[in-house]
Amino acid sequence: MPFPRATGSPDYSSGSTSKFIPAIWASKLLVKFYDATVFHAISNTEYEGEIKAYGDTVHIRTTPTITIRKYVKGQTLVHQRPDSPAVDLNIDQGRYFDLILDDVDRVQSDIKLMDDWTRDASEEMKIDIDTGILSDIPADADASNKGLTAGRKSASFNLGATGTPLTLNKINIVDTLVDCGTILDEQNMPESERWMVLPGWATNFIKKSDLKDASLSGDGTSMLRNGRIGMIDRFMIYYSNLVSTVTDGGTVYNILFGHKSALTFASQMVELDTLKAESTFGQIVRGLNVYGFKVIKPVSMGLLYAKK
């Protein structure tokens, strides 16, 4: 017979009797969190180990530009002392959760509940942080990688601008992606680790374009059969419902593309506590995740300002 409950108290059931282990729980949360996100795929995260608390500043060393000079036999060499200024990444944002689990349920079902809760917490955290990043960083794209005359060398590509967004359809979507790739080429970006984040309607156009033919997409199976966009012109294509929008004669999307060197992100679960509840027989589980992000190399990122 189920244990009697107060009105409104949830009923959990499971056969597990394992105990809650904070370190394992935190690890599960972060793994699922990263698996669900777009930003983890489009940013570098190599500085996370340096975070200790909210308010920390991570100092990122930059690579200097080395000057190459012409050599003439017998000349006096000109020395260069490379300047490598640090870029500061402020860990100035935080998200937390605070849950309570009744003792009756904790003994019977803690592991299953924690799995369910980590899955949901990671998804909710992903929506919150992805939305913030994708709406915050479009303004940081290099001036040569956006606008009506994009292209550092040619200035010949139209990526849309305020008042005149680029209209995408199934006819021009692939050509536009190739243009974005050429824009990164003109910035001498590496061909590996390139990315683009598209809204659902844009991936729909890709599937309706000529690339629906498996032989043209270079894949063994048509994307209409497996639903996977994959890589187009060296871009790994990511789909997200969280691409930021503005109203400009209709809904216009800030579609970002670039190389992983553009954006740095660092996150750390700095607190994970369990304590007895004061007002009931139960256990409180609460955690604090702190993070920061910054576009540290604007030339590695571009902006396609487009509408359907």
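Preceding this paragraph is the structure being described.
Within any chain, residue numbers begin from 1 and follow the written order of that chain's sequence. Predicted model: local features are reported for residues with pLDDT of at least 70 only, side-chain atom pairs are reported and counted for 80 or more only, and whole-chain, interface and lining totals are derived from all residues. Side-chain figures throughout are based on the complete set of non-hydrogen atoms in the structure, without hydrogens or water.

1. Overview of the overall build of the chain
Where we set the bar: Each helix is a run of H or I in the DSSP string that is no shorter than four residues. Each strand is a run of E no shorter than two, and both are numbered from the N terminus. Throughout, a residue-residue contact means that at least one pair of heavy atoms, one from each residue, lies within 4.5 Å. Accessible surface is estimated by sampling points in the Shrake-Rupley manner with a 1.4 Å probe; for residues, cover comes only from the protein chains shown.
Regarding its fold elements, the chain presents seven helices and 12 strands. Taking the contacts inside the chain whose residues are at least 6 apart along the sequence as the reference set, 76% of them involve residues at least 24 apart. A total accessible area of about 16,900 Å² is found for the chain, and carbon and sulfur atoms account for 52% of it.

2. What to know about the packing of aromatic side chains
Each aromatic ring pair is described using two quantities: the centre-to-centre distance and the angle formed by the ring planes. As a reminder of what qualifies: Only centres within 6.5 Å qualify two rings of Phe, Tyr or Trp (six-membered ring in Trp) as a pair; their planes then separate them into stacked at under 30 degrees, edge-to-face at over 60, and tilted for everything else. Here's how the labels work: a residue is buried when its accessible area is under 20% of the maximum for its type, exposed when over 50%, partly exposed in between, all with a 1.4 Å probe on protein chains only.
Counted according to the given criterion, the structure contains five aromatic pairs. Ring geometry for W201 and F205: centres 5.8 Å apart, planes at 75°, overall edge-to-face. Separated by four residues within a single helix, W201 and F205 lie in helix α5 (residues 200-208), roughly one turn from each other. With relative accessibility at 12%, the residue W201 sits in the buried group. For the ring pair W201 and Y253, a centre distance of 5.3 Å and an interplane angle of 70° mean the geometry is edge-to-face. With W201 in helix α5 and Y253 in strand β9 (residues 251-259), the pair connects residues that are 52 residues apart, well separated along the chain. Grouping residues by exposure puts W201 and Y253 together as buried. Within the aromatic cluster, the residues linked to one another by ring pairs are F39, F265 and Y291.

3. A word on helix α4 (residues 173-186)
This is how it is decided: For a helix, the expected span equals 1.5 Å multiplied by the number of residues minus one.
Between the first and last C-alpha of α4 there are 20 Å, a value that for 14 residues agrees with the 20 Å anticipated at 1.5 Å per step. Along α4, the residues that are buried comprise I173, T176, L177, C180, G181, I183, L184 and E186. Positive backbone phi, approximately 60°, marks N188, located one or two places after α4.

4. Some words on the sheet that holds strand β11 (residues 282-295)
Worth spelling out the cut-off: At least two DSSP bridges between two strands are needed for those strands to be called paired. Orientation is described by axes fitted as lines to C-alpha atoms, over the contacting stretch for helices, and by angles from 0 to 180 degrees between their N-to-C directions.
Strand order in this open sheet of three strands is β3-β11-β10, and the pairing throughout is antiparallel. Looking at the sheet topology across the chains shown, the edges are occupied by β3 (93-102) and β10 (263-276). Strand after strand, the sheet turns through a mean of 15° between neighbouring axes, direction not considered. Examined bridge by bridge, β3 and β11 share 10 bridges and lie antiparallel to one another. Pairing of Q93 across the sheet is with Y291, part of β11.

5. Digging into the environment of G181
With respect to the helices and strands, G181 occurs in helix α4. Classification of G181 as buried rests on a relative accessible area of 0%. Between the C-alpha atom of G181 and that of R194, which follows or precedes it by 13 residues, the distance is 8.7 Å. Aside from chain neighbours lying at most four places away, what touches G181 is R194, D233, R234 and F235.

6. Some details on unusual backbone geometry
Although it is not a glycine, A155 sits at a positive phi angle of roughly 50°. With respect to the helices and strands, the residue A155 is situated in the loop between α3 (103-136) and β4 (166-167). Positive phi, normally seen in glycine, also occurs at E193, with a value near 60°. The residue E193 is located in the loop between α4 and β5 (194-198) in this model. Residue E193 is classed as partly exposed on the basis of its relative accessible area, which comes to 49%.

7. Structural notes on the pairing of strand β1 (residues 57-61)
Going residue by residue along β1, you find V58 and I60 tucked away on one face and T57, H59 and R61 left uncovered on the opposite face. Judged from the five bridges that link them, β1 and strand β2 (residues 86-90) form a sheet pairing that is antiparallel. From the neighbouring strand, R61 faces β2, where its bridge partner is A86.

8. Examining the pattern of salt bridges
The cut-off we apply is this: A carboxyl oxygen of Asp or Glu within 4 Å of a side-chain nitrogen of Lys or Arg is what we treat as a salt bridge.
Under the defined criterion, the tally for this structure stands at five salt bridges. Two residues, R194 and D185, come together in a salt bridge whose shortest N-O distance is 2.8 Å. Under the relative-accessibility criterion, D185 is labelled partly exposed at 30%. In this structure, R234 and D185 form a salt bridge, with 2.8 Å as the shortest nitrogen-oxygen distance. With R234 in the loop between β6 (231-232) and β7 (235-239) and D185 in helix α4, this pair connects stretches of sequence that are 49 residues apart.

9. Re the environment of D128
Topologically, D128 is positioned in helix α3. Each C-alpha atom, one on D128 and one on L242, is 9.4 Å from the other, the two residues being 114 residues apart in sequence. What D128 contacts, discounting residues up to four positions off in sequence, is R95 and Y291.

10. Here we look at the pairing of β5
Within β5, five of the five residues are buried, leaving the element largely enclosed by the surrounding structure. Alternating positions in β5 separate into two faces, R194, M196 and L198 on one and W195 and V197 on the other, with burial throughout. In the sheet, β5 pairs with β7 via five bridges, with the strands oriented parallel. Its bridge partner being in β7, L198 is matched across the sheet by Y239.

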